[in-house]
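An overview of the molecular structure
Read off the chains here:
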Amino acid sequence: DPVPGTFDIVIITEEKPDCPGDAPQITEIAPEDGERIETILDYEVLATITDDSGLKELPILYYTTEQPDMNHPDVTRMDFVTFDHVDGDLYQAQVPNLGLDVGQERSVWFVVSATDDDDATGTSCDHTTRSAVRRFIAVEPEEHDHEPPP
C-alpha cells in the first residue's frame, strides 16, 4: 500500500578531485562528546561552521540510537534533521525527544555534515565535511518542573 506523506531525501555523491576552494570547517560542536542532557524537550545540538565561499544549503545533523562504526559511520542508516541558521557561523538543530521513561537514559550518536558552494554551476566541485561521530546521553528527568510546550 502507498504511504502518504512528505519525505526528505539526501543525495550523497563523490567529490571531484582538483576542485577550487576549501572544504567547510566544523570547529565547535555542543553538546560535548559523552555529555548528559537531562530534559523533557528536544535535544539541542549547536555547531560553528565556516567556509571560504559559503554553504550551499543548511548543514545536516545525522543521528542514531544504535552505535555506528565510529571510524566510518554509514549516515544512510541514520535519521537526520536540518540545522537552522542562528547567527554568523552558528547553527542549531533539534534531535526529537526520545520519549524515555522517567529516569531512563539512552545514548545518541551524531554526525554534523556541511556542504559548500564552490561549484556555482552544479555540485561536482562542492566539498562536504563531516564531523567525527560524537555521542550525548539523553536522560529523562526524575521530576518535571513544567510541562513541555504544546
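Owing to the predicted nature of the structure, the values given are computational and were not obtained by experimental measurement. (Residues numbered from 1 in each chain as written. Predicted model: local features only at pLDDT ≥ 70, side-chain atom pairs only at ≥ 80, totals over all residues. Heavy atoms only, no water.)

**Focus on unusual backbone geometry**
Cis geometry marks the peptide bond from alanine 30 to proline 31, where omega comes out at 10°. Tracing the chain through its elements places proline 31 in the loop between β1 (25-30) and β2 (36-38). (Helix = DSSP H or I, 4+ residues; strand = E, 2+ residues; numbered from the N terminus.)

**Some thoughts on the packing of aromatic side chains**
The tally for this structure, following the rule as stated, stands at 3 aromatic pairs. Ring geometry for tyrosine 62 against phenylalanine 80: centres 6.1 Å apart, planes inclined by 55°, an arrangement best described as tilted. With a gap of 18 residues between them, tyrosine 62 in strand β4 (residues 60-64) and phenylalanine 80 in strand β5 (residues 79-82) connect regions that are remote in the sequence. Judged by centre distance (5.8 Å) and plane angle (50°), the ring pair of phenylalanine 110 and phenylalanine 136 falls under tilted. In this pair, phenylalanine 110 is assigned in strand β8 (residues 105-115) and phenylalanine 136 in strand β10 (residues 134-139), connecting sequence segments 26 residues apart. In textbook terms, an aromatic cluster arises when at least three aromatic residues are bridged by ring pairs, as seen for Tyr43, Phe110 and Phe136. (Phe/Tyr/Trp six-rings, centres within 6.5 Å; stacked < 30°, edge-to-face > 60°.)

**Re the nonpolar core**
The biggest cluster of nonpolar side chains holds 21 residues, and the ones touching the most others in it are Val45, Leu61, Phe83, Val95, Phe110, Val112 and Phe136. If you look at the next biggest cluster of nonpolar residues, it comprises 7 residues, including Tyr62, Val75, Met78 and Trp109. (Core = buried A, V, L, I, M, F, W, Y, C linked by side-chain atoms within 4.5 Å. Buried < 20%, exposed > 50% of the residue type's maximum accessible area, 1.4 Å probe, protein only.)

**Points about the pattern of salt bridges**
One pass over the full model with this rule turns up 4 salt bridges. Connected through shared salt-bridge partners, Lys56, Asp117 and Asp126 make up one network. (Salt bridge = Lys/Arg side-chain N within 4 Å of Asp/Glu carboxyl O.)

**Digging into the pairing of strand β7 (residues 90-95)**
Residues Tyr91, Ala93 and Val95 of β7 are buried on one face, while the alternating residues Leu90, Gln92 and Gln94, pointing to the opposite face, are not. When strand β3 (residues 43-50) meets β7, the two strands line up antiparallel, connected through 6 bridges. In the sheet register, glutamate 44 faces β7, and the bridge partner there is glutamine 94. In terms of strand pairing, strand β6 (residues 84-87) meets β7 through 3 bridges, oriented antiparallel. Along β7, the bridge assignment pairs aspartate 84 with glutamine 92. Counted along the chain from β6 to the antiparallel partner β7, the turn is 2 residues long, and its residue glycine 88 has a positive phi close to 55°. (Pairing = 2+ DSSP bridges.)

**Examining the sheet that holds β7**
Taken in spatial order, the 4 strands of this open sheet run β1-β3-β7-β6, and their pairing is antiparallel. A single partner strand is all that each edge strand has here, and the edge strands are β1 and β6. Between one strand axis and the next, the sheet turns through 30° on average, direction left out of account. (Axes fitted to C-alpha atoms, helices over the stretch in contact; angles between N-to-C directions.)

**Some details on the confidence of the model for the protein**
Note that predicted coordinates carrying low pLDDT should not be read in detail. Per-residue confidence for the protein gives a mean pLDDT of 87; residues scoring 70 or more make up 83%. Of all helices and strands in the protein, the one with the weakest mean pLDDT is strand β9 (residues 128-130) (92), whereas β7 scores best (98). (pLDDT = per-residue confidence, 0-100.)

**Some details on the environment of leucine 100**
With respect to the secondary-structure elements, leucine 100 resides in the loop between β7 and β8. Note: C-alpha distance between leucine 100 and isoleucine 40 (60 residues apart in sequence) is 8.9 Å. The contact partners of leucine 100, leaving out residues within four places of it in the chain, are Tyr43, Glu105, Arg106, Ala138, Val139 and Glu140. (Contact = heavy atoms within 4.5 Å.)

**Quick look at the side chain of aspartate 51**
Along the chain, aspartate 51 falls in the loop between β3 and β4. Here aspartate 51 is buried and forms no salt bridge, its nearest opposite-charge partner lysine 56 lying at an N-O distance of 11 Å. Among the polar contacts listed, one links the side chain of aspartate 51 to the backbone nitrogen of serine 53, at a separation of 2.9 Å. (Lys, Arg positive; Asp, Glu negative; His and termini not counted. Polar contact = N/O pair within 3.5 Å; in protein donor to acceptor, adjacent residues only side chain to side chain.)

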